[in-house]
There are 2 protein chains.
Amino acid sequence: MPSQKPLVAILAPGNMGAAIGGRLVDNGLEVRTSLAGRTEGSAERARTAGLTVTDDAGLAEADIFLSVVPPSQVTALAERMAPVLTASRRKPVFVEANAVSPDTARQVAALIAPTGCVFVDGGIVGGPPRQGYSPTLYLSGPDAARAAVLGDYGVRVGVMDGPVGAASALKMCYAGINKGLIAIGSAMILAAGRAGAADTLLEELARSQPNLLAKFSTALPDMFSKAHRWAPEMEEIAAFAGADPAAAQVYRGFAELYARLAEDSPAEAGEIAALAAFAAAANEEVSK
Amino acid sequence: MPSQKPLVAILAPGNMGAAIGGRLVDNGLEVRTSLAGRTEGSAERARTAGLTVTDDAGLAEADIFLSVVPPSQVTALAERMAPVLTASRRKPVFVEANAVSPDTARQVAALIAPTGCVFVDGGIVGGPPRQGYSPTLYLSGPDAARAAVLGDYGVRVGVMDGPVGAASALKMCYAGINKGLIAIGSAMILAAGRAGAADTLLEELARSQPNLLAKFSTALPDMFSKAHRWAPEMEEIAAFAGADPAAAQVYRGFAELYARLAEDSPAEAGEIAALAAFAAAANEEVSK
């Protein structure tokens, strides 16, 4: 018996959600979403990705429900879907695929448990799918394999041998290294600029740490529009690192830094402008 | 008129000081040091490097005096040398080459000013000289060029166009990026281990961040014996970053982390052992 194509639902059609949905559509799946409370940008992304727009009840008819939202909206989304999932006869596998701490993932699992749906912890490592590239959707928990079928439709899937929380922990650690590196780079480049040492820092990095300089040249500009999302993600990592008070302090500092950068206007001669100038010079140096 | 070879003094003959001294000796200079209050290890390093052992008065006869000590000993060394430099007729150029904040460098400048010696701010970026490699001794301040002659004797020198404090700032920023990266790597690898996600983190880094994994594979083991020195260096960076409270918080967190790792015994199944195991596995992965 050939396995049937799964019907997938994704909330919300943000940059990541719409791109993952689009990848699944391109590989032959029907992917539903809802635009309730979303902007015109979401509607445009959903259209471009070929998602089917429906209401929450329509989402609850899916085989797999993917929650892909910013950390601050994770619990609200589960609370919104819980009564609809409870009423649904299909009982989709609920995949919590967000950048949240294992504790938050377990809280969501507790919200979903009474609905009768199976819960899978997830974590998306990497950027949105693009030509020739897929991020990896890591899955963990006793029912992780129930969502692994997505791997047959163009999205890279990694099933972890661990409980609910393991995939979220992996996402926290990976983001903690990558976005932490961009945070310390930003902080030290800004400090060098205040001290009149930015040019020499760039030269020295070009000479002795070319890989890091290359990373900064692209990752800094990429961060500017995302800092407002990264700030709460750093708070999640601080909570995740709770058993290590030093690490928790570090990630609360990163959250504060990203929140400050998110407030900064690129149009003014502020911190974003200083980082952009460094990144542009770094890019020139790296391209030599 | 050919310029005369400068007579150099270095305190102390630690790993960096002895190696820089040895490099200058190998290139034809006489380099003096003192073993007052130092361990047998220092005596051994001084012998191996070919340094001339003398007393403080003998050091004060040098043309260039290099202060190369851990951050915690910087002010004490300047206080110890001040009366001897005051008494000296040679008045060596005093190069403060340590990993300290610009404020600390300016405090040392103030201690040296009454001696009549010229003060140069310095910062050593990179590890001790070894076959085919030299770190860069950055120099700043109005008299920076007075110590640049060292560049003719096998040590890479970078004269910065900035005041006293600029070279220290550069050192802070460079160390802040490099040692900060190792700190966030350590924190997240340990957190992944606690959550049972360390193996998958290693696989994912190997796939999507091979440069970072390669760095961790060598930089983590290299850090274990240095964490006790890096902790106060992170405190200096926190002080340096003072105008940026978020960054200061981050570097105080790194100081706490390194202080904790310095207390951990490699012989026990603790954090150092966990990081060593990750680094060994990373090294195997990277060598594939």
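Just so it is clear, the structure is predicted and the values come from calculations on it, not from any experiment.

Conventions we followed
- Counting of residues starts from 1 at the beginning of each chain's written sequence and follows it residue by residue.
- For naming, the first written chain is A and the first written ligand is 1, with later ones following in the order written.
- Where totals are concerned, whole chains, interfaces and linings use all residues; where local detail is concerned, this predicted model gives features only for residues with pLDDT of at least 70, and gives and counts side-chain atom pairs only at 80 or more.
- By convention in this description, side-chain values take in all heavy atoms of the structure and omit both hydrogens and water.
- UniProt positions are given in the numbering used here, feature names are shortened, and annotations may be inferred rather than shown by experiment.
- Secondary structure elements follow DSSP: runs of H or I no shorter than four residues count as helices, runs of E no shorter than two count as strands, and numbering proceeds from the N terminus.
- A helix is expected to span 1.5 Å multiplied by its residue count minus one.
- Exposure is judged per residue with a 1.4 Å probe applied to protein chains only, and the accessible area is read against the type maximum: over 50% gives exposed, under 20% gives buried, and values in between give partly exposed.
- Any two residues whose heavy atoms approach within 4.5 Å are treated as being in contact.
- Buried area: the accessible area, evaluated with a 1.4 Å probe, that two parts lose upon being put together, summed over both parts.
- By convention in these notes, a salt bridge is any Lys or Arg side-chain nitrogen within 4 Å of a carboxyl oxygen on Asp or Glu.
- Polar contacts here mean pairs of N or O atoms no more than 3.5 Å apart (in protein, one a potential hydrogen donor and the other a potential acceptor; neighbouring residues in sequence count only if both atoms are side-chain atoms).
- Residues are sorted three ways: Asp, Glu, Lys and Arg are charged, Ala, Val, Leu, Ile, Met, Phe, Trp, Tyr, Cys and Pro are nonpolar, and all the rest, Gly among them, are polar.
- In this comparison the copies share one frame, found by least squares on the C-alpha atoms of residues holding pLDDT of at least 70 in both.

Q: Mind laying out the UniProt feature "domain: 6-phosphogluconate dehydrogenase NADP-binding" (unreviewed entry) in chain A, listing which residues take part and the relevant values?
A: UniProt records the feature "domain: 6-phosphogluconate dehydrogenase NADP-binding" (unreviewed entry) for residues 14–146 of chain A in the present numbering. In the segment residues 14–146 of chain A, helix accounts for 38% and strand for 19%; the C-alpha atoms at its two ends are 24 Å apart.

Q: Summarise helix α9 (residues 227–240) of chain A; cite the residues concerned and give the values.
A: The end-to-end C-alpha distance of α9(A), which contains 14 residues, comes to 19 Å, matching closely the 20 Å that a straight helix rising 1.5 Å per residue would cover. For α9(A), every residue scored as buried is listed here: A227(A), W230(A), A231(A), E233(A), M234(A), E236(A), I237(A), A238(A) and F240(A). Against the buried residues of α9(A) lie α5 (102–112), α6 (166–194), α8 (210–224) and α10 (245–263) of chain A together with α6 (166–194) of chain B.

Q: How would you explain the interface of chain A and chain B if you had to name every residue and give the values?
A: Counting from both sides, the interface comprises 53 residues of chain A and, opposite them, 53 residues of chain B. Where chain A abuts chain B, roughly 4,400 Å² becomes buried across the two surfaces, and 67% of that area is made up of carbon and sulfur atoms. Where chain A meets chain B, there are two salt bridges. R260(B) is the partner of D244(A) in a salt bridge, and the nearest nitrogen-oxygen pair spans 2.6 Å. At the junction of chain A with chain B, the criterion picks out 15 residue pairs in polar contact (both at pLDDT 80 or more). Those elements that provide at least two residues to the side of chain A that touches chain B are β7 (136–140), α6, α7 (198–208), α8, α9 and α10 of chain A. By residue number, the principal contributor to the side of chain A that touches chain B is α6(A), which donates 18 residues. When grouped by side-chain class, the residues that make up the side of chain A that touches chain B number 33 nonpolar, 11 polar and nine charged.

Q: Please give an account of the relation of the copies chain A and chain B that cites residues and values.
A: Overlaying chain A on chain B yields an RMSD of 0.0 Å, the required transformation being a rotation through 180° with an accompanying axial translation of 0.0 Å. Classification of the inter-copy transformation places it as that of a two-fold axis. Judged by C-alpha distance, V250(A) is the residue of chain A that lies nearest the rotation axis, at 2.1 Å. Taken as a fraction of all interface residues of chain A, those also at the interface in chain B reach 100%, which identifies the copy contact as same-surface.

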